[in-house]
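Commentary on secondary and tertiary structure
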Amino acid sequence: MAATLGPLGSWQQWRRCLSARDGSRMLLLLLLLGSGQGPQQVGAGQTFEYLKREHSLSKPYQGEAPRPCFLRDWELQVHFKIHGQGKKNLHGDGLAIWYTKDRMQPGPVFGNMDKFVGLGVFVDTYPNEEKQQERVFPYISAMVNNGSLSYDHERDGRPTELGGCTAIVRNLHYDTFLVIRYVKRHLTIMMDIDGKHEWRDCIEVPGVRLPRGYYFGTSSITGDLSDNHDVISLKLFELTVERTPEEEKLHRDVFLPSVDNMKLPEMTAPLPPLSGLALFLIVFFSLVFSVFAIVIGIILYNKWQEQSRKRFY
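Residues numbered from 1 in each chain as written. Predicted model: local features only at pLDDT ≥ 70, side-chain atom pairs only at ≥ 80, totals over all residues. Heavy atoms only, no water.

So, about the overall build of the protein. Of regular secondary structure, the protein possesses two helices and 18 strands. Scored against the burial criterion, the 313 residues of the protein give a buried share of 48%. For the protein, the exposed area adds up to about 17000 Å²; of that, 56% sits on carbon and sulfur atoms. (Helix = DSSP H or I, 4+ residues; strand = E, 2+ residues; numbered from the N terminus. Buried < 20%, exposed > 50% of the residue type's maximum accessible area, 1.4 Å probe, protein only. Areas by Shrake-Rupley, 256 points an atom, 1.4 Å probe, with all protein chains shown as cover.)

Counting 43 residues, the largest nonpolar core has W74, L119, I140 and L178 as its most contacted members. Counting only elements with at least two residues in this core, the list comes to strand 6 (74-83), strand 7 (94-100), strand 9 (117-124), strand 10 (139-146), strand 12 (176-183), strand 13 (186-192), strand 14 (200-206) and strand 17 (228-241). Here this core gets five residues from one element, more than from any other, and that element is strand 6. Every residue in contact with W74, bar those within four places of it in the chain, is listed here: Y99, L119, I180, R181, Y182, L210, F216, L236, F237 and L239. Among the nonpolar cores identified, the runner-up in size contains 11 residues, and F116, F122, L149 and Y151 belong to it. (Core = buried A, V, L, I, M, F, W, Y, C linked by side-chain atoms within 4.5 Å. Contact = heavy atoms within 4.5 Å.)

Once that is clear, we can look at the packing of aromatic side chains. How two aromatic rings sit relative to each other is given by the distance of their centres and the angle of their planes. Under the counting rule described, the total for this entry stands at 13 aromatic pairs. Between W98 and F122, the aromatic rings sit 5.5 Å apart at their centres with planes inclined by 70 degrees, giving edge-to-face as the arrangement. Here W98, found in strand 7, pairs with F122, found in strand 9; they are 24 residues apart in sequence, far enough to count as distant. As far as burial versus exposure is concerned, W98 and F122 are alike and both buried. Centre to centre, the rings of F280 and F284 are 6.1 Å apart; their planes meet at 20 degrees, and the pair counts as stacked. Linking F280 with F284, this pair stays in helix 2 (residues 276-311), spanning four residues, or about one helical turn. Taking relative accessible area as the criterion, F280 reaches 52% and is therefore assigned exposed. What links up through ring pairs into an aromatic cluster is the set W74, Y99, Y182, Y214 and F216. Here R135 stacks its cationic end above the ring of Y139, 3.9 Å away from the centre of that ring. (Phe/Tyr/Trp six-rings, centres within 6.5 Å; stacked < 30°, edge-to-face > 60°. Lys NZ or Arg CZ within 6 Å of the ring centre and 35° of its normal.)

What follows deals with the pairing of strand 17. Across the 14 residues of strand 17, 12 count as buried, placing the element largely inside the fold. Note: strand 5 (residues 47-57) against strand 17, seven bridges, orientation antiparallel. Counted as the bridge partner of F48 is T240 from strand 17. Here strand 6 pairs with strand 17 via 10 bridges, running antiparallel. The residue bridging V78 from the neighbouring strand is L234, located in strand 17. (Pairing = 2+ DSSP bridges.)

What follows deals with the state of the cysteines. Tallied over the full model, the rule gives one disulfide. A sulfur-sulfur separation of 2.0 Å characterises the disulfide bridge that pairs C165 with C202. Between C165 and C202 the disulfide shows an S-S torsion of about -105 degrees. By sign, it is left-handed. Taken together, the residues span a long stretch of sequence, with C165 in strand 11 (residues 163-166) and C202 in strand 14 at a distance of 37 residues. The buried category is assigned to C165, whose relative accessible area is 12%. (Disulfide = S-S within 2.5 Å.)

This part takes up the pattern of salt bridges. Counting across every chain of the model gives 12 salt bridges. Between R72 and E248 there is a salt bridge, with its nearest N and O atoms 3.2 Å apart. Within this pair, whereas R72 is found in the loop between strand 5 and strand 6, its partner E248 is found in helix 1 (residues 245-250), the two being separated by 176 residues in sequence. Assessed through its relative accessible area of 31%, R72 is described here as partly exposed. Its relative accessible area of 34% is what places E248 among the partly exposed residues. Measuring nitrogen to oxygen at the nearest pair gives 3.2 Å for the salt bridge that ties R200 to D194. (Salt bridge = Lys/Arg side-chain N within 4 Å of Asp/Glu carboxyl O.)

As a further point, take unusual backbone geometry. Backbone phi values are negative for most residues with the exception of glycine, while trans is the configuration of most peptide bonds. The omega torsion across K59 and P60 is 10 degrees, close enough to zero to call that bond cis. That bond from G92 to D93 is cis: its omega, 0 degrees, falls within 30 degrees of zero. Here the phi dihedral of F110 falls at roughly 50 degrees; this positive angle occurs in a residue that is not glycine. Positionally, F110 belongs in the loop between strand 8 (106-109) and strand 9. According to the relative accessible area criterion, F110 is buried, its value standing at 1%. For K184, which is not glycine, the phi dihedral falls at a positive 50 degrees. Position of K184 among the secondary structure elements: in the loop between strand 12 and strand 13.

Shown next, in the form of structure tokens:
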């Protein structure tokens, strides 16, 4: 059946459940799948979207080998369902959507590795911090990490989150959706969880700097409880937006994730790999220098020997 999702586009909704249930069974999907689909205008202004199939997951769930994504501006639309028999406080733990440097790294953060490098968006269904009262679960939050921060599971990620909102998404009889949009270093997360086919704001953070060439994926984990975390589709869209010359200068590529006005422990950015020509020139001039040094050494040694012989006559 078709579902229209406000001004951000529409797609055919196909039902298939990719579940994580019972004990510590974990679902870990890392996908990068796109050739384009015809452009669609998104909202107001000169912004167009192109479906990237090589970075998307949908029926019949046939994809190519995982590959990094080099899009500068993008939007990820997630069709998901969380359900189970567990009653209040007897279900967990939740679902995560990732844009990270590393892929296929199982760990404690909703099934993925801790101290990740990139962006994590979490749909947390279980409150681990018992004393907190101001937050209602399930709860959506986001975190940007440069590899130096640990996700505080016992405090539900509060110390490192960029923002969040309550999202009542369990055991609903209609479709639920999440959209993550990254445009001009502006991160926006919205949801459609009311069955109205309308996007509702959740998180908006300016000044988010994400490198290109990372991997999209999703993971979930249940811990000692049980629940079903179904990923029905993931659709990535390339967004084309107009930029002024000043914006082009400001929005150059970065090597490590960061957020303006948010202090992250410093990490050393990796040096860019050398090209084949640069590597050849380094080796060539190293050999020339070595030969030159050897010749100079031989000449100096011969002169020293001649001077030594003259002293004996």
